[in-house]
Amino acid sequence: MSRPLPIAVLLSGGGSNLQSIIDHIEKGLLNACIKLVVSNDPLAKGLERARKHAIPSRVISPLEYASRERHDAAIVEQLQKTGAEAVCLAGYMRLIGKAFVHSFPNRILNIHPSLLPAFPGLDAQQQAADAGVSFSGATVHFVDEELDHGPIIIQGAVPAYPGEGREPLARRILALEHRIYPQALQWLAADRMRVDEHGLARLLPDEPRSALRLDQPACLVNPPLETGF
Ligand code: GAR
């Protein structure tokens, strides 16, 4: 196996996606090594998860910097010191600026709890519930300078049911996030992700001469079709 991909994880809250990344690494499914966890919030629970697994962590609070650019620059400096080659935003609830994005070109990933480009921004689960969609889901994408935007690596859909409200939908989406983020990272670790000339993410087959299997049934209809349709 090739050398584990050195990554950093940025978060602001509970860190369940961080936990899922750790678990996939520990199970040998994800060939990566977390060099640093950074939180903008000293109270983020994700910091405890890092400590439990002896992963170095730092709080870099925006309150200590005069501008977003300086705060970003302090984070980038720390990330570069640790040798991280990719950055995972895992519930990092701040927009990152141009200089940060360009410090790790096509090496910053984000997970967002909707089928982007639908429902970017805060509380995507509530936005989806309010819109009465039949499906929502989660997206892992490369990060560009816009909020919750950039080449899409993987998406997963879950059904949404009328009147159920935010919480059951959010739980379904989060469970899916915990599966698709490690998968996207493993593709990056295996050097199988490219961004093509149209700015779209492309997954390369795992062997140079094989083709990607895209023939699995992947159709979801909600509410379900009745017999005969
Ligand atoms: C996740 O649902 C993630 O998709 C979302 O924050 C939550 C973090 O949960 N991110 C965004 O909304 C980014 N725009 P976690 O701290 O338990 O991983």
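What this report covers is the structure whose coordinates are included nearby. (Residues numbered from 1 in each chain as written. Predicted model: local features only at pLDDT ≥ 70, side-chain atom pairs only at ≥ 80, totals over all residues. Heavy atoms only, no water.)

Some points on the site of the ligand
Now for step 1: Around the ligand, the neighbouring residues are G14, G15, S16, N17, G91, M93, I111, H112, P113, D148, L174 and E177.
Now for step 2: Residue S16 places a side-chain N or O atom 2.6 Å away from an oxygen atom belonging to the ligand.
Now for step 3: Contacts to the ligand include E177, whose side-chain N or O atom sits 2.8 Å from an oxygen atom.
Now for step 4: With the chains in place, 85% of the 450 Å² that the ligand exposes on its own is no longer accessible. (Near = heavy atom within 4 Å. Polar contact = N/O pair within 3.5 Å; in protein donor to acceptor, adjacent residues only side chain to side chain. Areas by Shrake-Rupley, 256 points an atom, 1.4 Å probe, with all protein chains shown as cover.)

Observations regarding the sheet that holds strand β5 (residues 108–112)
Now for step 1: An order of β3-β2-β1-β4-β5-β6-β7 is seen for the seven strands of this open sheet, with the pairing classed as mixed. The open sheet has two edge strands, β3 (57–59) and β7 (152–159), and neither has a second partner. Going across the sheet, the axis of each strand differs from the next one's by a mean of 20 degrees, ignoring polarity.
Now for step 2: Summarising the sheet, strand β6 (residues 135–142) and β7 pair through seven bridges and their orientation is antiparallel. Note on β7: the bridge partner recorded for F135 is P159.
Now for step 3: Docked against the sheet, helix α3 (residues 68–82) engages β1 (5–11), β2 (32–39), β3 and β4 (86–89), running at close to 155 degrees with respect to β2. (Pairing = 2+ DSSP bridges. Helix = DSSP H or I, 4+ residues; strand = E, 2+ residues; numbered from the N terminus. Axes fitted to C-alpha atoms, helices over the stretch in contact; angles between N-to-C directions. Contact = heavy atoms within 4.5 Å.)

Here's the deal with the environment of R166
Now for step 1: Within the secondary structure, R166 sits in helix α6 (residues 166–189).
Now for step 2: Sequence-wise, R166 and Q127 are 39 residues apart; in three dimensions their C-alpha atoms are separated by 8.7 Å.
Now for step 3: Residue contacts for R166: discarding those within four places in its chain leaves D123, Q125, Q126 and A129.
Now for step 4: For R166, the side chain forms a polar contact with the side chain of Q125, separated by 3.4 Å.

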